[in-house]
Structures are given as structure tokens and as C-alpha cells.
Amino acid sequence: MVAMSRILIVEDEMKIARLVEEYLSEAGFDVSIARDGRAGVAEARSTQPDLVILDLGLPGMDGFDVARAIRERSSTPIVMLTARSEETDRIVGLELGADDYVVKPFSPRELVARVKAVLRRTQGQVQSDVVRVGELVIDRITRTVRSGEKAIEVTTTEFDLLETMASQPGRVFTRSQLLDSIRGVSFESYERAIDSHIKNLRKKLEPDPREPRYILTVYGVGYRFQDA
Ligand code: CA
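All values reported here derive from a predicted model rather than from experimental measurement.

Re the sheet that holds strand 2 (residues 30-34)
So, step 1. Spatially, 2-1-3-4-5 is the arrangement adopted by the 5 strands of the open sheet, whose pairing is parallel. The open sheet has two edge strands, strand 2 and strand 5 (100-104), and neither has a second partner. Strand-to-strand, the axes of this sheet are offset by a mean angle of 20 degrees, without reference to chain direction.
So, step 2. Judged from the 5 bridges that link them, strand 1 (residues 6-10) and strand 2 form a sheet pairing that is parallel. The partner of Ile7 across the bridge, within strand 2, is Val31.
So, step 3. On top of the sheet, helix 2 (residues 37-47) reaches strand 1 and strand 2; it is set at about 165 degrees to strand 1, its chief contact.

Take a look at the structure:
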């Protein structure tokens, strides 16, 4: 049950930690706070929270080390808090296995919404054979794509990219993660190749490719599929 989930906040700025705690408690979560990376890793291991909110800027053991240490032993979802200027941090964090990020200064309401979305995505991981978003129908068994009644021809690489993103709507994927998702079927090794596949997919899928409804750009980071 999402409403009873336990959340661990790893954040050295107590003002922020308390504010987030307040909002999450109000939303029905059971919240604890760790004030530095070591305490965060220890607590994550001993109490096994349902989700960790992890500030990247921590004294001593930084957020990346904390994420690595948590990922060594568990797949507990991680939502990172990052500074506005640090786009590369977001990419590194996502590639270390974080599930999402929120940029400081953030609205606590937005953070609560992200936490709920990540929990929905990670707790309700029943992979159905068919993904439906708007008019779009993606069938994993027949590996076909339809928009309404209309069949859409996609290449193997395009299908794999689409399936990867659509399986976890709302999740941000970096180009490198998307490249990994097509490695089995393609010799491409250049992250920017992803952009041209996405461009082609949009031409095929989007009612208006200039205003994408399904495949959204996350500036400086990568792409995500519309969270229906
Ligand atoms: Ca901090």
C-alpha cells in the first residue's frame, strides 16, 4: 500500500529535511531522517525503507557514494535532490540507478507527487503484454504498435526503445541507458544516435512531432514516456 510506505530522507540541511518530512507525513508516509551519508546507508540497510530521498550534496560520503552503497544490496527506489546547475549530476545519478530526481529549490508538493509516482511505478510492476497510452497501443508479444486502428511500422531498434520507455512511463532515461536497451539489436555506440531514433519514432507516433505527446524531452538529461 502506497499510503503506508516508509520513506528515508538523507539530507544534511535540517530545514529542508523537516519540511519534506512534514509534507510526506501529511500525505500518510512513515518518515525518518538521516543527516549524513553514512547514517543514511546504515539506516537504509537496517530498516529497508520503501523509498529513499537522497540529497546529492552531503558532507563526507556524498550522494553518489550513498546511491552506490544502497544499490549494492537492494533495489530500493531512490529519488535524488540535485542543485539546479548540476545537469551532469542528474545523469550520473540516474545511471547509478536512481529512479528520479527533483531540482532544488523544489516545491514539497512536487516532491510528494514524484515519490508517489515512483512508488506506483516500482510497486505495481506487473508487466502486462500491452501498453496503452492515449491512442497508442504497444503490444510486447506481437511487437507491434498501433495508433487507434492504424498500424504503425517501426524498426526493431525503434520498438525496443519505445518498449523500454513505455514500460516505465514517467521515468527519465539517459541516452546511455537507452543505448543499452538497444545494444542487443544494434551496433550503435554513439549516444546521439538515440536522438535520431527518437526523431523518427516521433514522426511515426506523434500527432504533432513538434509538440510531442508521448515521448517527452528532458532537457540536458534524456527522454521519458508520458505518464498517463
Ligand atoms: Ca545538502
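A closer look at the coordination of the calcium ion
So, step 1. Around the calcium ion, the protein contributes the donor atoms Glu11 (OE), Asp12 (OD), Glu13 (OE), Asp55 (OD) and Gly57 (O), at 2.1 to 3.1 Å from the metal centre.
So, step 2. Ordering the donors of the calcium ion by residue number gives the pattern E-D-E-x41-D-x1-G.
So, step 3. Given a relative accessible area of 27%, Asp12 falls into the partly exposed group.

Considering the side chain of Asp100
So, step 1. On the secondary structure map, Asp100 appears in strand 5.
So, step 2. On the basis of relative accessibility, which here comes to 5%, the residue Asp100 falls in the buried class.
So, step 3. Ignoring any residue separated from it by four or fewer positions in sequence, one finds Asp100 in contact with Ile78, Val79, Met80, Leu94, Arg114, Val118 and Val172.

Some remarks on the packing of aromatic side chains
So, step 1. Under the defined criterion, the tally for this structure stands at 1 aromatic pair.
So, step 2. Residues Tyr214 and Phe225 carry aromatic rings whose centres are separated by 6.2 Å and whose planes lie at 15 degrees to one another, so their mutual orientation is stacked. Linking Tyr214 in the loop between helix 8 (192-205) and strand 11 (215-218) with Phe225 in strand 12 (residues 222-225), this pair joins segments that are 11 residues apart in sequence. Phe225 shares its class with Tyr214; the two are buried.

Observations regarding the environment of Ile33
So, step 1. Along the polypeptide, Ile33 turns up in strand 2.
So, step 2. A relative accessible area of 19% means that Ile33 is categorised as buried.
So, step 3. Counting along the chain gives 41 residues from Ile33 to Ser74, while the straight-line C-alpha distance between them is 19 Å.
So, step 4. Ignoring any residue separated from it by four or fewer positions in sequence, one finds Ile33 in contact with Leu8, Ile9, Met14, Ala17, Arg18 and Glu21.

Cut-off values and rules
- Residues numbered from 1 in each chain as written.
- Predicted model: local features only at pLDDT ≥ 70, side-chain atom pairs only at ≥ 80, totals over all residues.
- Heavy atoms only, no water.
- Pairing = 2+ DSSP bridges.
- Helix = DSSP H or I, 4+ residues; strand = E, 2+ residues; numbered from the N terminus.
- Axes fitted to C-alpha atoms, helices over the stretch in contact; angles between N-to-C directions.
- Contact = heavy atoms within 4.5 Å.
- Donors = N, O, S within 2.8 Å, 3.2 Å for Na, K, Ca; no water.
- Buried < 20%, exposed > 50% of the residue type's maximum accessible area, 1.4 Å probe, protein only.
- Phe/Tyr/Trp six-rings, centres within 6.5 Å; stacked < 30°, edge-to-face > 60°.

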